[in-house]
Amino acid sequence: MSTQEIDVVVLGAGPAGENVADRVVRAGLSVAIVESERAGGECSYWACIPSKALLRPVELRAAADRMPGVREVLDGSGDGSVDADAVLARRDEFVHHFDDSSQADWIGSTGALLVRGRGRLSGERRVEVDHDDGTTTSLAATRAVVVATGSVPTMPPVNGIHDVGAWTNREATGAPRVPGSMIILGGGAVGCELATAWRRLGSSVTLVQHGERLLPTMEPAAGERVLSSLRDDGVDVRLGTSVSAVRRDGSTVHATLDDGGEVTADEFVVAAGRRPGTRGVGLDTVGMRDGDVLPVDDTTLVTGVDGEWLYAVGDCTDRAKLTHMGKYQARACADVIVARSKGETAMLGGRYAKTATTAERTAVTQVVFTDPQVAAVGLTERAARDAGLDVESVSYDIGSTAGGSLQADGYSGLATIVVDRERRVVVGATLVGQDVTDMLHAATVMVVGEVPLERLWHAVPSFPTMSEVWLRLLESYGL
Ligand SMILES: Cc1cc2nc3c(=O)[nH]c(=O)nc-3n(C[C@H](O)[C@H](O)[C@H](O)COP(=O)(O)OP(=O)(O)OC[C@H]3O[C@@H](n4cnc5c(N)ncnc54)[C@H](O)[C@@H]3O)c2cc1C
Ligand SMILES: NC(=O)c1ccc[n+]([C@@H]2O[C@H](COP(=O)([O-])OP(=O)(O)OC[C@H]3O[C@@H](n4cnc5c(N)ncnc54)[C@H](O)[C@@H]3O)[C@@H](O)[C@H]2O)c1
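Here the structure is a predicted model, which is why all the values come from computation and not from measurement.

*Asks:* Got a sec to walk through the overall build of the protein chain? Specific residues and values, please.
*Replies:* Assigned secondary structure in the protein chain consists of 16 helices and 21 strands. For a compact globule of 479 residues, the expected C-alpha radius of gyration is about 23 Å, and the protein chain comes in at 24 Å, within 12% of that figure. By principal-axis analysis of the C-alpha atoms, the protein chain measures approximately 70 × 65 × 45 Å. Taking the intrachain contacts of the protein chain between residues at least 6 apart in sequence as the baseline, contacts between residues at least 24 apart amount to 65%.

*Asks:* Lay out the site of ligand 1 in plain terms, naming residues and giving numbers.
*Replies:* Lining the immediate environment of ligand 1, one finds 38 residues, of which G12, G14, G41, G150 and G314 sit closest. In terms of residue class, the shell around ligand 1 is made up of 12 nonpolar, 17 polar and nine charged. Structurally, the shell around ligand 1 is a two-domain feature, drawing no fewer than three residues from each of domain 1 (3-40 + 100-152 + 276-358) and domain 2 (161-273).

*Asks:* For the confidence of the model for the protein chain, give the residues involved together with the corresponding values.
*Replies:* Low-confidence regions, as indicated by low pLDDT, have predicted coordinates that should not be scrutinised in detail. Looking at the protein chain, pLDDT values average 96 and 99% of them are 70 or higher. Overall fold confidence (pTM) sits at 0.98, and the ipTM for the predicted complex is 0.99.

*Asks:* Could you give me a rundown of the domain arrangement of the protein chain, with the residues and numbers involved?
*Replies:* A common way to report how large an interface is uses the accessible area buried once the components associate. In terms of domains, the protein chain is made up of domain 1 (3-40 + 100-152 + 276-358), domain 2 (161-273) and domain 3 (372-477). A C-alpha centroid distance of 34 Å is found between domain 1 and domain 2.

*Asks:* Tell me what's going on with the UniProt feature "binding site: NAD(+)" (unreviewed entry) in the protein chain, and back it up with residues and numbers.
*Replies:* This chain's UniProt record puts "binding site: NAD(+)" (unreviewed entry) on G186, G187, G188, A189, V190, G191, C192, E193 and G273. Considering the C-alpha atoms alone, the annotated residues occupy 88 residues of sequence yet fold into one spot, their largest mutual distance being 13.5 Å. Topologically, E193 is positioned in helix α8 (residues 189-200). In this structure E193 comes out as buried when scored by C-beta crowding, with 25 C-beta atoms within 10 Å. Ignoring any residue separated from it by four or fewer positions in sequence, one finds E193 in contact with S51, L55, V368, F369 and T370.

*Asks:* An account of the sheet that holds strand β10 (residues 236-239) is requested, with residue identities and associated values reported.
*Replies:* The strand order across the open sheet formed by four strands is β10-β9-β8-β14, and the pairing between neighbours is parallel. Strands with a single pairing partner mark the edges of an open sheet, and in this sheet they are β10 and β14 (267-270). Each strand axis lies, on average, 15° off the axis of its neighbour in the sheet, ignoring direction. As defined by bridge partners, strand β8 (residues 181-185) adjoins strand β9 (residues 204-209) across five bridges and the pair is classed as parallel.

*Asks:* Describe in detail the site of ligand 2, supporting the description with residues and values.
*Replies:* Neighbouring ligand 2 are 25 residues; G186, G188, V190, S242 and K321 lie closest to it. Where the shell around ligand 2 is concerned, the elements lending two or more residues are α8, β9 and β17 (365-368). Within the shell around ligand 2, the residues separate by chemical class into 12 nonpolar, 10 polar and three charged.

*Asks:* Can you tell me about the packing of helix α1 (residues 15-26) against helix α10 (residues 323-341), naming the residues and giving the values?
*Replies:* Two elements in contact, α1 and α10, have axes separated by 8 Å at closest approach and are oriented at 30°. Comparing their axes, α10 and α1 come out roughly parallel. Viewed along their axes, α1 and α10 form a crossing whose handedness is right-handed. Across the interface between the two elements, P15, A16, N19, V20, R23 and V24 from α1 touch T323, G326, K327, Q329, A330, R331, C333, A334, I337 and V338 from α10.

*Asks:* Requested: an account of the nonpolar core, with residues and values cited.
*Replies:* Residues V10, V20, I33, V146 and V269 are the most contacted members of the largest nonpolar core, which totals 135 residues. Sorting elements by how many residues they give to this core places α10 first, with nine residues. When sequence neighbours within four positions are dropped, the list of residues in contact with I33 reads V10, A13, G17, A21, I107, A112, L114 and V115.

*Asks:* Can you break down the pairing of β10 residue by residue, with the values?
*Replies:* Along any regular strand, the residues point their side chains to alternate faces of the sheet. Here β9 pairs with β10 via four bridges, running parallel. Within β10, the residue paired with V208 across the bridge is R238. One crossover worth recording links β9 to the parallel β10 by way of helix α9 (residues 220-233), and it is right-handed.

*Asks:* So what's going on with the sheet that holds strand β18 (residues 373-378)? Which residues, and what values?
*Replies:* The antiparallel open sheet is built from five strands, whose spatial order is β17-β18-β21-β20-β19. Sheet topology places β17 and β19 (391-397) at the edges, where each strand pairs with a single neighbour. Each neighbouring strand pair of the sheet contributes to a mean axis angle of 10°, computed without reference to strand direction.

*Asks:* I'd like a description of the environment of A63, backed by residues and values.
*Replies:* By the element assignment, A63 lies in helix α3 (residues 48-65). Residues A63 and D371 lie 308 residues apart in sequence; the distance between their C-alpha atoms is 9.3 Å. Here A63 is in contact with A408 and Q434, once residues within four sequence places are set aside.

*Asks:* I'd like a rundown of the environment of N159, residues and numbers included.
*Replies:* Relative to the assigned elements, N159 resides in the loop between β7 (151-153) and α7 (169-174). In this structure, the C-alpha to C-alpha distance between N159 and V243, residues 84 residues apart in sequence, is 8.7 Å. If sequence neighbours within four positions are ignored, N159 has contacts with S244 and A245.

*Asks:* Which residues make up unusual backbone geometry, and what values do they have?
*Replies:* Backbone torsion omega between D371 and P372 reads 10°, so that peptide bond is classified as cis. With respect to the element layout, P372 can be found in the loop between β17 and β18. Between F463 and the following residue, P464, the backbone shows a cis peptide bond with an omega angle of -5°. By the element assignment, P464 lies in the loop between α15 (453-456) and α16 (468-477). One non-glycine residue, H96, lies in positive phi territory at about 50°.

*Asks:* Let's hear about the packing of α3 against helix α5 (residues 84-94): which residues, and what values?
*Replies:* Where α3 contacts α5, the axes come no closer than 9 Å and their chain directions differ by 150°. Between α3 and α5, the angle is such that the two are roughly antiparallel. As for the relative orientation of α3 and α5, their crossing is right-handed in sense. In this structure, α3 uses I49, P50, A53, L54 and P57 to contact α5, whose residues at the interface are V87, R90, R91 and F94. Of the residues contributing to the contact of α3 with α5, the split by class is seven nonpolar, no polar and two charged.

What counts and how
Residues numbered from 1 in each chain as written. Chains lettered and ligands numbered in written order. Predicted model: local features only at pLDDT ≥ 70, side-chain atom pairs only at ≥ 80, totals over all residues. Helix = DSSP H or I, 4+ residues; strand = E, 2+ residues; numbered from the N terminus. Rg over C-alpha atoms; globule rule 2.2 N^0.38 Å. Contact = placed C-beta atoms within 7 Å. Near = placed C-beta within 6 Å. Nonpolar A, V, L, I, M, F, W, Y, C, P; charged D, E, K, R; others polar. Domains from an automatic or database assignment. pLDDT = per-residue confidence, 0-100. UniProt positions renumbered as here; feature names shortened; annotations may be inferred. Buried ≥ 20, exposed ≤ 12 C-beta atoms within 10 Å, placed from the backbone. Pairing = 2+ DSSP bridges. Axes fitted to C-alpha atoms, helices over the stretch in contact; angles between N-to-C directions. Parallel < 35°, antiparallel > 145°, perpendicular 65-115°, else oblique. Left-handed = near helix turned anticlockwise from the far one by under 90°. Core = buried A, V, L, I, M, F, W, Y, C linked by C-beta atoms within 7 Å. Right-handed = clockwise from strand over helix to strand, strands pointing away.

As structure tokens, this is what we get:
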């Protein structure tokens, strides 16, 4: 078997891997990117894109129902209904009917070489790719190997879970028709978004979350408001319990809850978190354990492996498992590889060097597309206190701004900032409400820029927009 030499080999053509490849090629290095399923990764076909394609129509319909003069001309029903078949058809367009040729063409257009097959490390700077036809390609990376193999769903220890045809995010975002009913296990972002979408598309939904809160890593108000909205929609939310056993009896799944109760449905959906997709990736050939998280430093270099040649980006690092954060890591990773290849290592230092993933620790951003939406950046009050910061948080009702009251009748929303009292800067912000997603970036700039409150005072929000809430928050803090 001959070995092909190439500067950089990337394992996995999800959003993180693709972005490393694109940026490294643009800097003049040669790149092979290995993909075992579809170019574009989980995000494009079974995660971000199809879920948002399901959510946007039901969100828009709910917004229209909050707007007199619009709701009356829709269909007169005012019941929040949408044409589910049309929604599913549009979802199918967004995932290109699972055809990845346009993504593959894009990779080709960057100048990177797309290698179809399952890649695995086979020692220092070596990668072997097993193809479907039984052949193997051997690659030698002269500069670097980047692992970007994403994540896979966690299957909790529930008796019978492997025998009931449980759905993961794949079946749950790709369902060809609206299921009559479903039980969703897990009340994180996946569980809450799927419950919102499928309930409003017509399914009966039971959501089981073992903690006392939905969206437990976010500010408490986020989970509380999403809980209240899901219950108003008719979702049966069970908090503080889990499923101990499941069994399928014909078309019905029976789930036994920890408290002894039983719920039944057509489908059982697992949304209980994700673990790094590193099984069979050959980590054992470079001194790590197969299936482990890939620990990285702030420059995305894998720690504990000598020679500065192995990097990891995206979900497989088990940091913030979000597409945009994976792409942020990817940009840093590419620039680090290029800098090392040119011997320009002096530029690698510094908290705000382009090659540092500082925001991973201080300014992770996330939008959960429930109704209300939740948009958050940086630290929650609790996380800030746990980090030893002296903080105070203030909240303001977005519906009390003129922009909020114009946005929808009875607009309900809450904005919260977490202020570092000593430095007088915002270290975290959370917005909960209709149409708040695009307000997040203002908060992100505040947090990353560490803009002092006294300077923020001069960032005058336009009237009448919901951004006036930023001014009201400063006033509430005492400015
Ligand atoms: C239902 C759902 C909704 C989500 N919604 C959002 C959202 O709205 N916004 C957001 O920011 N994030 C969202 N996420 C998270 C987001 O999908 C992930 O953070 C993102 O896909 C991670 O990108 P990645 O490139 O690290 O991995 P992936 O997208 O998982 O891509 C990894 C790629 O590597 C390939 N691969 C794996 N092993 C090998 C191998 N050995 N050889 C070759 N190729 C291999 C895989 O086939 C895959 O194509 C959502 C997740 C889920 C489950
Ligand atoms: N819009 C977005 O940004 C978006 C949307 C979906 C997913 N994602 C990302 O994808 C990743 C995976 O999301 P997720 O929601 O699957 O994971 P998660 O870890 O965020 O949430 C899983 C939830 O399931 C609960 N849980 C775990 N085991 C359970 C059990 N046995 N019984 C009952 N509840 C149980 C946990 O308490 C937790 O609340 C996350 O990192 C998330 O941020 C992002």
